[in-house]
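Coordinate inspection notes
The chain contents come next:
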Amino acid sequence: ASSTSSPRWAVTAKNALHSVCDWTRAAITTKGVYTLPGKKPPPGERKLYLLIEAESEAQLREAKEDIRRILAEKSAYAAPDDQGGAARRYNVR
C-alpha cells in the first residue's frame, strides 16, 4: 500500500488533524518517530503517537472517537503491508 493510503498517514496528515481539532476543539500533536513494524524506536525516542489535549473529557472522548473512526475507515480499505503480512493494527487509548 502506498504511504498516502495508510491509516497511519490518514490520521497524522495535517488536514485530517485540523478537521478533528475543528470539530472537537481538542488540540492534537503528532509526536515520536515512525518505526517499522516489529522494530524498536531509536534510543531516547518513542514510536509515533498522537498527543490529544482538551478542555473537557467530552472533547477528549470526541477526538478519540473521530480518530478511531478515521482509522477504521482507512483500515477497511488498506492493503496488507508490503512485507506480505496482514494489515497493521493501531491502538487508540
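Every value quoted in this text rests on a predicted model; they were computed, and no experiment measured them. Position numbers for residues count from 1 along each chain, tracking the sequence in the order it is written. pLDDT decides what is reported in this predicted model: residues at 70 or higher carry local features, side-chain atom pairs at 80 or more are listed and counted, and totals for whole chains, interfaces and linings draw on all residues regardless. With hydrogens and water excluded, all non-hydrogen atoms of the structure serve as input to the side-chain values.

**Description of the overall build of the protein chain**
Helix and strand content of the protein chain: three helices and two strands. Helical segments are the DSSP runs of H or I of at least four residues, strand segments are the runs of E of at least two, and each set is numbered from the N terminus. Sequence-ordered secondary structure for the protein chain, helices as α and strands as β, is α-α-β-β-α. The contact definition used throughout considers only heavy atoms, calling two residues in contact when any of these lie within 4.5 Å. At a minimum sequence separation of 6, the contacts of the protein chain that also span at least 24 residues come to 49%. For the protein chain, the accessible surface area stands at approximately 6,900 Å², while carbon and sulfur atoms represent 50% of it. Each accessible area is a Shrake-Rupley estimate made with a 1.4 Å probe; only the visible protein chains count as cover when residues are assessed.

**Digging into the pattern of salt bridges**
Salt bridge, as used here, is a side-chain nitrogen of Lys or Arg placed within 4 Å of a carboxyl oxygen of Asp or Glu. This structure, assessed with the given rule, holds two salt bridges. A salt bridge links E73 to R69; the nearest nitrogen and oxygen atoms lie 3.0 Å apart. Of the two residues, E73 and R69 both sit in helix 3 (residues 57-77), four residues apart, roughly one turn of that helix. Taken together, the shared-partner salt bridges connect D66, R69 and E73 into one network.

**As for the confidence of the model for the protein chain**
Each residue carries a pLDDT value, the predictor's own confidence for that position, ranging from 0 to 100. Mean pLDDT over the protein chain works out to 80, with 71% of the residues at or above the 70 mark. Mean pLDDT across the elements of the protein chain bottoms out in helix 1 (residues 7-12) (68) and peaks in strand 2 (residues 49-53) (93). pLDDT under 50 marks residues 82-86. Its contacts with residues more than four places away, or in other chains, come to four contacts.

**Describing helix 2 (residues 14-24)**
Note that an α-helix has 3.6 residues per turn; residues three or four places apart therefore point the same way. The cut-offs for exposure are 20% and 50% of the maximum accessible area for each residue type, with area from a 1.4 Å probe on protein chains only; residues under the lower value are buried, those over the upper are exposed, and the others partly exposed. Those residues of helix 2 lying buried are A16, L17, V20, C21 and T24. For helix 2, the angular spread of the buried residues around the axis is 130°, confining them to a single face. Facing away from the buried surface of helix 2 by more than 90 degrees, the exposed residues are K14, N15, D22 and W23. Phi for R25, located one or two positions after helix 2, is positive at around 65°. The arc in question is formed by the directions pointing from the helix axis toward the C-beta atoms.

**Re the nonpolar core**
Counting 11 residues, the largest nonpolar core consists of V11, L17, V20, C21, A26, I28, I52, A63, I67, I70 and L71. Of all the secondary-structure elements, those providing two or more residues to this core are helix 2 and helix 3. Tallying contributions element by element places helix 3 first for this core, with four residues. Nine residue types can take part in a nonpolar core, namely buried Ala, Val, Leu, Ile, Met, Phe, Trp, Tyr and Cys, and a core is a set of them joined through side-chain atoms within 4.5 Å.

**Some thoughts on the packing of aromatic side chains**
Aromatic rings from Phe, Tyr and Trp, with only the six-membered ring used for Trp, were paired whenever their centres fell within 6.5 Å, and each pair was classed as stacked if the ring planes differed by under 30 degrees, edge-to-face if by over 60, and tilted otherwise. Counted by the stated rule, this structure contains zero aromatic pairs. Between the NZ or CZ atom of R46 and the centre of the ring of Y49, over which it lies, the distance is 3.8 Å. Either the NZ atom of lysine or the CZ atom of arginine qualifies as a charge over a ring when it sits within 6 Å of the ring centre and within 35 degrees of the ring normal.

**As for the side chain of T35**
As for its position among the elements, T35 is in the loop between strand 1 (27-31) and strand 2. A residue is classified by how much of its surface remains accessible, and T35, at 14% relative accessible area, is buried. We call two N or O atoms a polar contact when they sit within 3.5 Å, provided that within protein one can donate a hydrogen and the other can accept it, with sequence-adjacent residues counted only if both atoms are side-chain atoms. In this structure the side chain of T35 is engaged in a polar contact, spanning 3.3 Å, whose partner is the backbone oxygen of V33.

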